[in-house]
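Overview (structure and organization)
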Amino acid sequence: MTIDRRAFTGAVATLALAGWLPSNALAQKKLVLGFAQVGAESEWRTANTESIKSAAKEAGIELKFSDAQQKQENQIKAIRSYIAQKVDVIAFSPVVESGWETVLREAKAAKIPVILTDRAVSTKDDSLYVTFMGSDFVEEGRKAGRWLVEKMKDQKGEVNIVELQGTVGSAPAIDRKKGFEEIVKADPKFKIIRSKTGDFTRVKGKEVMEAFLKADGKKINVLFAHNDDMAIGAIQAIEEAGLKPAKDITIISIDGVKGAFEAMIAGKLNVTVECSPLLGPQLMQAVKDIKADKPLPKRIVTEEGIFPMEVASKEFPSRKY
Ligand code: GYE
């Protein structure tokens, strides 16, 4: 028996319209992406989530999204539920670097490809994921360090630095610290006198800076914050302590979110190193490429710059996050 294709499609359409068949029986099956997000800890993260959601919509990819509230166990739960739901691809930003091998092996056994976005995992077995796309955090730390070395090149005495670290065990905290130290240790006048985590949030950034100020007060010359939100929280603490941010204490941070530009325009932050959260379009392209069996590079690095306060008002209108 031969089937008239047009008549068949027409019949499917009629059934779908009558509600007897799901309407996607007409279209090709949509690709399903399960994304396990870190949380909503910073302006950066909000922009990243927005980028992923809007890019999925644009690409016609069905997105299953979960927010782990900065907890690894929640991310693992989400990944397991995506495996159970047999999604086409799983992507996630690992909150910390270690402890992923078991769940990644489960995804591999279920033949579901995994993409890492933004943050890396520390595993020797790189067959557990297809690609890792995101910034070079060590280089961001170096950029922050180089800016400081240049700014303080005529300074003779000691330069006392306090550091607000990101989430303990996370790739950006580990790597930004490493890159920054690598540069400043070249000159013994730079001393990191205190270094503590502020978990990438404003509230914690403020709290930890208050403690730094209580302990060392006027001794502090520089604050290096692993992200803008912690720097913004710390600025409040500095003002409340009766000091002038960006003048009494030089402030360097990372991300380049709008809040940082506003702080620079207000003269309260000296410089921000850019880290782009706009990974959505790249991620959706990778999902499509994987499904089309196209080979992907193991590492896709985001390109980014650095913005001192002098250029803040000129750059502000063109900032996208
Ligand atoms: O710098 C920070 C966020 O992983 C690059 O996470 C990201 C970092 C970003 O909370 O603001």
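This text goes with the structure placed above it.
Now for a quick tour of the structure. Remember, it's a predicted structure, so these values are computed and weren't measured experimentally.

Moving on: the sheet that holds strand E4 (residues 114-117). The sheet built from six strands is open, its strands ordered E2-E1-E3-E4-E5-E11 with parallel pairing. Among the strands making up the open sheet, the edge pair consists of strand E2 (62-67) and strand E11 (299-301). Ignoring strand direction, the axes of neighbouring strands in this sheet form an average angle of 20°. As defined by bridge partners, strand E3 (residues 89-92) adjoins E4 across three bridges and the pair is classed as parallel. Considered in E4, the bridge of Ala 91 is made with Ile 115. Strands in contact with helix H3 (residues 72-84) are strand E1 (32-37), E2 and E3; relative to E1, the strand with the most contacts, it is inclined by about 170°.

Residues in contact with the ligand amount to 13 residues; listed here are only the nearest, Glu 41, Asp 118, Arg 119, Asn 227 and Asp 255. Here an oxygen atom of the ligand and a side-chain polar atom of Asp 118 are 2.8 Å apart. Within the contact set of the ligand, an oxygen atom lies 2.6 Å away from a side-chain nitrogen or oxygen of Asp 255. In the complex, the protein chains occlude 100% of the 300 Å² of accessible area that the ligand would expose alone. Among the secondary structure elements, those contributing two or more residues to the shell around the ligand are helix H2 (43-59) and helix H6 (171-184). In terms of residue class, the shell around the ligand is built from five nonpolar, two polar and six charged.

Let's shift gears to the nonpolar core. Judged by nonpolar contacts, the single largest core of 48 residues is most densely connected at Leu 148, Met 209, Ile 249 and Ile 252. Per-element accounting of this core gives the leading share, six residues, to helix H8 (residues 228-240). Those residues in contact with Leu 148 that lie beyond four places of it in its chain are Ile 161, Phe 180, Val 184, Phe 190, Val 222 and Ile 252. Residues Val 87, Leu 116, Ala 120 and Val 121 belong to the second largest nonpolar core, which totals 25 residues.

The next thing to look at is the pattern of salt bridges. Applying the stated criterion across every chain yields a total of 25 salt bridges. The shortest N-O distance in the salt bridge between Lys 206 and Glu 210 comes to 3.5 Å. Of this pair, Lys 206 and Glu 210 both sit in helix H7 (residues 202-216), four residues apart, which is roughly one turn of that helix. In the salt-bridge network here, residues are joined through shared partners; they are Glu 41, Arg 45, Asp 118 and Arg 119.

Further remarks concern the packing of aromatic side chains. Two numbers describe a pair of aromatic rings. These are the distance of the centres and the angle of the planes. Across all of its chains, the model carries four aromatic pairs by this definition. Ring centres of Phe 35 and Phe 65 lie 6.0 Å apart, and the angle between their planes is 10°; on these two criteria the pair is classed as stacked. On the criterion of sequence distance, the pair formed by Phe 35 in strand E1 and Phe 65 in strand E2 is long-range, its members being 30 residues apart. A relative accessible area of 0% places Phe 35 in the buried class. You can call Phe 65 partly exposed: its relative accessible area is 27%. Ring centres of Phe 180 and Phe 224 lie 4.0 Å apart, and the angle between their planes is 20°; on these two criteria the pair is classed as stacked.

Rules used throughout
- Residues numbered from 1 in each chain as written.
- Predicted model: local features only at pLDDT ≥ 70, side-chain atom pairs only at ≥ 80, totals over all residues.
- Heavy atoms only, no water.
- Pairing = 2+ DSSP bridges.
- Helix = DSSP H or I, 4+ residues; strand = E, 2+ residues; numbered from the N terminus.
- Axes fitted to C-alpha atoms, helices over the stretch in contact; angles between N-to-C directions.
- Contact = heavy atoms within 4.5 Å.
- Near = heavy atom within 4 Å.
- Polar contact = N/O pair within 3.5 Å; in protein donor to acceptor, adjacent residues only side chain to side chain.
- Areas by Shrake-Rupley, 256 points an atom, 1.4 Å probe, with all protein chains shown as cover.
- Nonpolar A, V, L, I, M, F, W, Y, C, P; charged D, E, K, R; others polar.
- Core = buried A, V, L, I, M, F, W, Y, C linked by side-chain atoms within 4.5 Å.
- Buried < 20%, exposed > 50% of the residue type's maximum accessible area, 1.4 Å probe, protein only.
- Salt bridge = Lys/Arg side-chain N within 4 Å of Asp/Glu carboxyl O.
- Phe/Tyr/Trp six-rings, centres within 6.5 Å; stacked < 30°, edge-to-face > 60°.

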